[in-house]
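Structural overview for review
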Amino acid sequence: MDAFGETLNEQLALIREQGLYRELRRIDSAQGTRIQVDGQELLNFSSNDYLGLANDEVLRKAAVAAAERFGVGSGGSRLICGSLSSHHELEEALADFKGTEAVLTFSSGYATALGTITALVGKDDVIVIDKLVHASIVDAARLSNARLRIYRHNDVDNLEKILRSSVTPKRRTLIVTESVFSMDGDLAPLREIVELKDKYGAWLMLDEAHATGLFGAQRRGLAEAFELQERIEIHMGTLGKALGTAGGYICGRRALIEVLVNRARSFIFSTAPSPALAAAATAAVRLVQSEEGETRRATLWARVDHLKNRLVGSRIRVPVIQSAIVPIAIGEEEQALKCAQALKTKGVFVPAIRYPTVARGKARLRVTVTAQHTPEQIEHLTTAISQCIN
Ligand SMILES: *Cc1c(COP(=O)(O)O)cnc(C)c1O
């Protein structure tokens, strides 16, 4: 074997030894509560498609109509020749939905974090992030070359201590947090964080990936629910969760969006997404705002409540459930894999989440509930989990 092959094999052996080996599972069906995984039909509790839009007819038709009109490729980056009306319509719909002056969309949430954070802070600045923020934010913070400070998860005293010691009049300080945490499902203490960032003159970027469509009177997210929208400088979201498609976006004032168009490298140097995808996302934004969107949200929370009730008095221990994400702590990486495998034999698909997605020794099963699940399916899930976890 050549040296390259040997190096690759050594790496794989090491990953396997730690119980961290990952592989792709082939899905042969559309998204939904029942999916075909590796040829087996399973009850799906793994998706972020909270409102059941990923395979919705309205979105499918919007995608088809846009493909018929514009084709499938965008032709280039938005600044070269790919800024199709589909993308502008999506941004107008998002600005209207989120109630902000302007919006910029990116090809993914990952690209959104990377482009935005590096456009806003640099080596003379400070970036302060929650310990549990998404990898895209951590990577962006590192890439920005700003001084990186990490506060304990949702710990506002620790955040204040860091702000007190690092904020100076000459440096810009950017705080970044999620509103609903992707792997724990808990909520950030937004009011306290907003008070602190104002007190210290910092800026706040809020990633609402798992809150958009679910929280707030108009389903804009947790900032709306807490009535803090106007006080947050940078609102981030993704299109791949409750909005059922793929992509990411930043909402805020017009000058922010202009700076991003000029400076966000992941936006500038990347081909615009397919117009079909943008059109489907526009349909999703409108659907979430409609009465149908409210109905779906209400159904989702009813299912979450049903799950909560089923867990009360069971042997399954979970933290207080505050969102559609329910983590079941396991600990050992290998053990989490075994539990997920056992659930599969009972016809239930729940992913084992391991390092580096979460800390070492904090492996868990991550259950996500959607508006499409039936009460019977929730009961099937809790019965299966009770049988598989001791
Ligand atoms: C999913 C997610 C992202 C990344 O979005 P993609 O569109 O999947 O690249 C960023 N932040 C959070 C909190 C997420 O959950």
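This section reports on the structure supplied with the text. Keep in mind that what you see is a predicted model, and the values were worked out from it rather than measured.

We now examine the site of the ligand. Surveying the vicinity of the ligand reveals 14 residues, the closest of which are Gly-109, Tyr-110, Asp-207, His-210 and Lys-241. With respect to the ligand, the side chain of Lys-241 contributes an N or O atom lying 2.8 Å from an oxygen atom. Taken together, the residues of the shell around the ligand sort by class into three nonpolar, eight polar and three charged.

When helix H6 (residues 135-144) is considered as a whole, its buried residues turn out to be Ser-136, Ile-137, Val-138, Ala-140, Ala-141 and Ser-144. On the buried face of H6, the contacting elements are helix H5 (109-120), strand S4 (126-130), strand S5 (147-151), strand S6 (173-178) and strand S7 (203-207). Asn-145 sits one or two positions beyond H6 and adopts a positive phi of about 70°.

Let's shift gears to helix H8 (residues 190-199). Inspection of H8 places Leu-190, Ile-193, Val-194, Leu-196 and Lys-197 among the buried residues, and these make up the whole buried set. Projection of H8 onto a plane perpendicular to its axis shows the buried side chains occupying an angular sector of 165°, all on one side. Contact partners of the buried residues in H8: S5, helix H7 (156-166), S6, S7 and helix H9 (222-225). Note on H8: the residue one or two positions beyond its end, Gly-201, has a positive phi of about 65°.

In this section: the pattern of salt bridges. Per the counting criterion, the structure on display carries 18 salt bridges. A salt bridge links Arg-34 to Glu-41, with the shortest nitrogen-to-oxygen separation between them at 3.2 Å. Glu-41 gets classed as partly exposed once you look at its relative accessible area, which sits at 45%. Among the salt bridges present, the one from Arg-219 reaches Glu-294, with a minimum N-O distance of 2.5 Å. Of the two residues, Arg-219 is situated in the loop between S7 and H9 and Glu-294 in helix H13 (residues 291-311); the sequence distance between them amounts to 75 residues.

What follows is about the sheet that holds strand S11 (residues 348-349). In a beta sheet, neighbouring strands are held together by backbone hydrogen bonds and run either parallel or antiparallel to one another. With respect to topology, three strands assemble into an open sheet ordered S1-S2-S11, the strand pairing being mixed. Looking along the sheet, the strands with just one partner apiece sit at the ends: strand S1 (34-37) and S11. Two elements, strand S2 (residues 40-44) and S11, share two bridges in a ladder whose sense is parallel. Of the residues in S11, the one forming a bridge with Leu-43 is Val-348.

Following Tyr-355, the chain continues into Pro-356 via a peptide bond in cis, with omega recorded as 5°. By secondary structure assignment, the location of Pro-356 is in the loop between strand S12 (352-353) and strand S13 (363-368). Despite not being glycine, Asp-38 shows a phi value in the positive range, around 50°. Its location among the elements puts Asp-38 in the loop between S1 and S2.

Turning our attention to the pairing of strand S9 (residues 248-252). Along S9, five of the five residues are buried, which leaves the element largely enclosed by surrounding structure. Pairing between strand S3 (residues 102-106) and S9: five bridges, direction antiparallel. Directly across from Val-103, in S9, lies its bridge partner Cys-251. Across four bridges, the pairing between strand S8 (residues 234-238) and S9 is antiparallel. Bridge assignment links Met-236 to a residue of S9, and that residue is Ile-250.

One finds Ile-117, Ile-175, Ile-250, Leu-300, Leu-365 and Val-367 to be the most contacted residues of the largest nonpolar core, which totals 111 residues. In terms of residues, this core owes the most to one element, helix H12 (residues 275-289), which gives nine residues. The contact partners of Ile-175, leaving out residues within four places of it in the chain, are Val-128, Tyr-151, Leu-159, Leu-163, Ile-193, Lys-197, Ala-202, Trp-203, Leu-204 and Met-205.

Within the secondary structure, Lys-197 is located in helix H8. Owing to a relative accessible area of 2%, Lys-197 belongs among the buried residues under this scheme. For the pair Lys-197 and Ala-255, spaced 58 residues apart in the sequence, the C-alpha separation amounts to 20 Å. The residues touching Lys-197, leaving out its near neighbours within four places in the chain, are Ile-175, Ala-202, Trp-203, Leu-204, Arg-231 and Glu-233.

The next thing to look at is the packing of aromatic side chains. Per the counting criterion, the structure on display carries two aromatic pairs. Ring geometry for Phe-215 versus Trp-301: centroids 5.3 Å apart, planes at 65°, classification edge-to-face. Placement of the pair is Phe-215 in the loop between S7 and H9 and Trp-301 in helix H13, with a sequence separation of 86 residues. Its guanidinium or amino end placed over the ring of Tyr-21, Arg-16 lies 3.9 Å from that ring's centre, counting from NZ or CZ.

Parameters at a glance
- Residues numbered from 1 in each chain as written.
- Predicted model: local features only at pLDDT ≥ 70, side-chain atom pairs only at ≥ 80, totals over all residues.
- Heavy atoms only, no water.
- Near = heavy atom within 4 Å.
- Polar contact = N/O pair within 3.5 Å; in protein donor to acceptor, adjacent residues only side chain to side chain.
- Nonpolar A, V, L, I, M, F, W, Y, C, P; charged D, E, K, R; others polar.
- Buried < 20%, exposed > 50% of the residue type's maximum accessible area, 1.4 Å probe, protein only.
- Helix = DSSP H or I, 4+ residues; strand = E, 2+ residues; numbered from the N terminus.
- Contact = heavy atoms within 4.5 Å.
- Arc of directions from axis to C-beta.
- Salt bridge = Lys/Arg side-chain N within 4 Å of Asp/Glu carboxyl O.
- Pairing = 2+ DSSP bridges.
- Core = buried A, V, L, I, M, F, W, Y, C linked by side-chain atoms within 4.5 Å.
- Phe/Tyr/Trp six-rings, centres within 6.5 Å; stacked < 30°, edge-to-face > 60°.
- Lys NZ or Arg CZ within 6 Å of the ring centre and 35° of its normal.

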